[in-house]
Amino acid sequence: MKKICLIIAVLFCLTSLVSADESDGLSQQARESVEQQTREMSELGIPKAQARKMLTLMNQNRFEKQNIVRAQQVVMNTAKAELPTEPVMSKAMEGMAKQAKEQQVIAAMETVRSRYAYANRLAKSLADDKKSVDTMTRVAADCLAAGMKAEDMEAVMTQLQTQVRSRQQTRNKAEDTELAIQTMQTTRTMARMGVRSSDVSDTLCQALQNRYTHQEMNQMR
């Protein structure tokens, strides 16, 4: 009796796997292509599950092969630049959910990649340890996505750097980094609340000129 139950359980699992495989609606050739591309992306540290999901959705939405390869390359280039790949892939899936055209999906992916590349440059101008750079990269990218203009972000960065240089004699690197993070987080909060980009910049620059500490910047937020 136990053997029969075991056989039934195995058959049930196999049937489920076959059904799941068939339910994606892809041909055997398309599935093999998805797996090959997923492996290529995984070798760069890109999460397999999300990569496979993006590629599968593109095939289900009947993307042209060349556009699927382009999308794959955008994500891989993001990984090679040591930037977060999740936001880029999420943008692709968001576009497909909204039934955007192939070119629009890829253009949106490129926009997100460029945004993170710019945010990463800003972050590296304010910190040098990876954890802080990663944190500020994500926050700065969120600021840009929320409507902050590059020139207004630059103004805040410049004021932060000026404040750091002005107190080099008593400089505490950890406090400088925390001030930068808190300032970026406050920028993001204000931008998400709909405050005009230039007003956000003016407010934060004034706060920095008044030598706000990271605790005061946190309280301000």
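The shown structure was predicted, so the numbers you read here are calculated from the model rather than taken from an experiment.

K.L.:
So what's going on with the overall build of the chain? Which residues, and what values?
P.N.:
What the chain contains, in helices and strands, is 11 helices and 0 strands. The secondary structure elements of the chain, listed N-terminal to C-terminal, are α-α-α-α-α-α-α-α-α-α-α. Put simply, the chain has 221 residues, and 41% of those count as buried. Considering only residue pairs separated by 6 or more positions, the chain has 66% of its internal contacts joining residues 24 or more positions apart.

K.L.:
Could you give an account of helix H7 (residues 130-145), naming the residues involved and the relevant values?
P.N.:
Along its 16 residues, H7 runs 22 Å from first to last C-alpha, staying within 8% of the 22 Å computed at 1.5 Å per residue. Of the residues making up H7, those classed as buried are Ser132, Val133, Met136, Thr137, Val139, Ala140, Ala141, Cys143 and Leu144. Gly147 occupies a position one or two residues after H7 and carries a positive phi of about 120 degrees.

K.L.:
Which residues make up the pattern of salt bridges, and what are the values?
P.N.:
Applying the stated rule across the entire model yields 8 salt bridges. In this structure, Arg188 and Asp142 form a salt bridge, with 3.0 Å as the shortest nitrogen-oxygen distance. You can see Arg188 sitting in helix H9 (residues 173-192) and its partner Asp142 sitting in helix H7, a full 46 residues away along the chain. Between Asp199 and Arg196 there is a salt bridge whose closest N-O contact spans 3.4 Å. Judged by relative accessible area, which is 30%, Asp199 ranks as partly exposed.

K.L.:
Which residues make up unusual backbone geometry, and what values go with them?
P.N.:
Although it is not a glycine, Glu82 adopts a positive phi angle of roughly 60 degrees. Looking at where Glu82 falls in the secondary structure, it is placed in the loop between helix H4 (65-80) and helix H5 (86-97). The class of Glu82 is exposed, set by a relative accessible area of 67%. Here the phi dihedral of Arg211 falls at roughly 60 degrees; this positive angle occurs in a residue that is not glycine.

K.L.:
Tell me about the nonpolar core, and name the residues and values.
P.N.:
Residues Met41, Met54, Met58 and Met109 are the most contacted members of the largest nonpolar core, which totals 55 residues. Of all the elements, helix H6 (residues 102-124) adds the most residues to this core, at 8 residues. In contact with Met58, other than residues within four places in its own chain, are Phe63, Ile68, Ala71, Ala92, Met96, Val105 and Met109.

K.L.:
Can you tell me about the packing of H4 against H6, naming the residues and giving the values?
P.N.:
The geometry of H4 relative to H6 is characterised by a closest axis approach of 10 Å and an angle of 5 degrees between their N-to-C directions. Viewed along their axes, H4 and H6 adopt a mutual orientation that is roughly parallel. Contact residues: H4 offers Asn67, Arg70, Ala71, Val74, Val75 and Thr78, while H6 offers Glu102, Gln103, Ile106, Met109, Glu110 and Arg113. Residue composition of the contact of H4 with H6, by class: 5 nonpolar, 3 polar and 4 charged.

K.L.:
A description of the side chain of Gln159 should follow, citing residues and the corresponding values.
P.N.:
Here Gln159 is to be found in helix H8 (residues 150-166). A distance of 3.4 Å separates the side chain of Gln159 from the side chain of Gln209, its partner in a polar contact. Apart from the residues lying within four places of it in its own chain, the contact partners of Gln159 are Cys205, Leu208 and Gln209.

K.L.:
I'd like to hear about the side chain of His214, residue by residue, with values.
P.N.:
Mapped onto the elements, His214 comes out in helix H11 (residues 214-220). With residues near it in sequence (within four places) discarded, His214 still touches Glu175, Glu178, Leu179 and Gln182.

Definitions and limits used
- Residues numbered from 1 in each chain as written.
- Predicted model: local features only at pLDDT ≥ 70, side-chain atom pairs only at ≥ 80, totals over all residues.
- Heavy atoms only, no water.
- Helix = DSSP H or I, 4+ residues; strand = E, 2+ residues; numbered from the N terminus.
- Buried < 20%, exposed > 50% of the residue type's maximum accessible area, 1.4 Å probe, protein only.
- Contact = heavy atoms within 4.5 Å.
- Expected span 1.5 Å × (residues − 1).
- Salt bridge = Lys/Arg side-chain N within 4 Å of Asp/Glu carboxyl O.
- Core = buried A, V, L, I, M, F, W, Y, C linked by side-chain atoms within 4.5 Å.
- Axes fitted to C-alpha atoms, helices over the stretch in contact; angles between N-to-C directions.
- Parallel < 35°, antiparallel > 145°, perpendicular 65-115°, else oblique.
- Nonpolar A, V, L, I, M, F, W, Y, C, P; charged D, E, K, R; others polar.
- Polar contact = N/O pair within 3.5 Å; in protein donor to acceptor, adjacent residues only side chain to side chain.

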